[in-house]
Amino acid sequence: LLFRTIELLWNLLENGDDEQVADQLNSRVTIGLLKEAFLGQVTQSHSQYHRQLRNDILVVLSLILNANPNAPVVETGFAKQLFLLASCPELRSNSPLVKNFKLTTSQEDFEFKKLLINTVVILNRNPMMGELMSSSRVLLALLSYIEPLPRKIDHQINTFHWNQSQYEDLQLHALAALSILLPHSLSEYFEYGVSTRLLLFYEWTINQDEYKSEGNSFFAKGGRNTKRSQLRYTLRLFRSLVSTKDERIYLDLCDQGIIPSLTGYLRVMIQEKSSHIDYVDLDIICDGLFILSCLGELDVHRKEIFGSEGIEMLIQILSTKSSCVCGGLGYHRLLVATIDCVWCCIVGSVINEDEFIQKQGIFSLLDLIETNPKSLQNIVLGCLLDLTENTKCLHFMMAWQGHKQDYFPHVLYNEATDTILRASEERALAVTATQNYILQQYHKHDLEFEKIFYNELIRNHIFHEKQLDRWKSFIARTSKYPLLMVAKDSQNQAIRQSRPEEKDYSGYHTVHNFEIPNLSITTFSGQFLKIESTPLEILTRH
């Protein structure tokens, strides 16, 4: 019954309205029942069935927390139990829950460990978890995975150990989780000496010792038989730490020599990978440049530590062809990170600016303006503008020649001329559109005039035809007496139909006859009478 119930809840959360379902499950009663069912399976995980059901309950809980991070897991004590299990077996505890809890290298227990780490990351969204996470020391448990591989295992001590493939997967998972958790727990960063542990692990990732990575997990994509995945997520963790802009972290990392170590490795890496940079290399380079930018942005001394090696590395990246970076798809990201590093680590330090100019770094920036689209030119021009505060920069800018033998002023003018040409083209298009509109209006006016004239012709023809028919009818009536009588009868009938019904005139003394006797007119007469008299010439003729 419990298995079917958990399966039903899982389907509802995945396929239904997750917010509505999560709101219905967001109660102490529901979370308390899930807690009881979960802990019952944890303490009775003697079979594969119980382990699978335990994992399913944890997945359902993570889905609820993902939809509603403020679910009452703290009030019910569920969060404390989850943190306790997440730090097992890395940390020892006298809690009855984990005292007799034994993990194995089975697939179910391995998935359970990864689900616990994922649940800890989701719980971190709740602002009430800070103190509980600190007291549970779950970050210290995750930090225990940050050590060089393969591990040195003392088999004389009877403790549980994951196999090599599982440990590598959990190590990368822990690094990814710490990049989210540590920025919210800076007190643990200094308490546990995270910087020293991370830098030692970073040195292992960049040394020449061979390590055959399994590369089987989600986090190990692109890192098989190398240490690239470990380096990738280590730099991502450093990036999340420096993103806090905490000066104490900056001082801690710089005092332990991260700047020269990072610039030296990136320079060698760019030399080796300049012909082909894949997406893993791109992540490593961009994260490294971002770390250097944050460290050197506001401190001249750190800019000077960046030094010659860092300047050479930046010039190499600026000279990299776009087609060599993930087939051209990652070039924009790499270029933005590089320009930002030039801005933060070179601009503002006279020593770095002079060396960057002497090593023709200005030429590399100007080449970018000529070869890249206008969407990337603004940041390059902004960087050049700040570099022009150094008087030596202008001489190199004026001496530069592009691929088409164009000087820099001329390039600034491809720009003013393009603006003028674009404005002229837009104006020409507007004039053409206006001319077309006027021509259409003239054509439309001509059609209307032609239509009116044609209608007038039709009316004239109809009028003449009616006049001709009227004349023919008049000739016929005057020349043939029967037709005249027919017209007379038609006229009388029309007169009778136009009159109102006849009344009984017997009560009147006098009744007038409206008809004029012996009238030979066969048309209706109006108010006016036109008389045509005999012409004067006839009357005066002798």
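Presented here is a report on the structure given in the accompanying data block. A quick note: this is a predicted structure, and the numbers were derived from the prediction, not measured. (Residues numbered from 1 in each chain as written. Predicted model: local features only at pLDDT ≥ 70, side-chain atom pairs only at ≥ 80, totals over all residues. Heavy atoms only, no water.)

## A closer look at the pattern of salt bridges
- Taken as a whole and judged by the stated rule, the model has 21 salt bridges.
- We note a salt bridge from R267 to E309, for which the minimum N-O separation is 3.1 Å. On the criterion of sequence distance, the pair formed by R267 in helix α15 (residues 258–273) and E309 in helix α17 (residues 300–318) is long-range, its members being 42 residues apart.
- By relative accessible area, R267 is classed as buried at 18%. (Salt bridge = Lys/Arg side-chain N within 4 Å of Asp/Glu carboxyl O. Helix = DSSP H or I, 4+ residues; strand = E, 2+ residues; numbered from the N terminus. Buried < 20%, exposed > 50% of the residue type's maximum accessible area, 1.4 Å probe, protein only.)

## Focus: the nonpolar core
- Counting residues in each nonpolar core, the largest one holds 143 residues, and the members touching the most others are F38, F356 and L365.
- It is helix α16 (residues 279–296) that contributes the most residues to this core, 10 residues altogether. (Core = buried A, V, L, I, M, F, W, Y, C linked by side-chain atoms within 4.5 Å.)

## What about helix α18 (residues 331–345)?
- Over its 15 residues, α18 runs 21 Å from end to end, which matches the ideal 21 Å to within 8%, given 1.5 Å per residue.
- For α18, the complete set of buried residues consists of Y331, L334, L335, A337, T338, I339, C341, V342, C344 and C345. (Expected span 1.5 Å × (residues − 1).)

## Quick word on a negative patch on the surface
- There is a patch of like negative charges on the surface, built from D17, D18, E19 and D23.
- With respect to the helices, strands and loops of the structure, D23 is situated in helix α2 (residues 18–25). (Patch = residues over 30% accessible without salt bridge, like charges linked within 9 Å, V, L, I, M, F, W, Y side chains within 5 Å. Areas by Shrake-Rupley, 256 points an atom, 1.4 Å probe, with all protein chains shown as cover. Lys, Arg positive; Asp, Glu negative; His and termini not counted. Charge placed at Lys NZ, Arg CZ, Asp CG, Glu CD.)

## Thoughts on the state of the cysteines
- For the structure on display, the rule yields 0 disulfides.
- In this structure C324 is a free cysteine whose sulfur lies 11 Å from that of C326, the closest cysteine sulfur available. (Disulfide = S-S within 2.5 Å.)

## Observations concerning the environment of N11
- Summarising the element assignment, N11 is placed in helix α1 (residues 2–15).
- Between the C-alpha atoms of N11 and H46, which are 35 residues apart in sequence, the distance is 26 Å.

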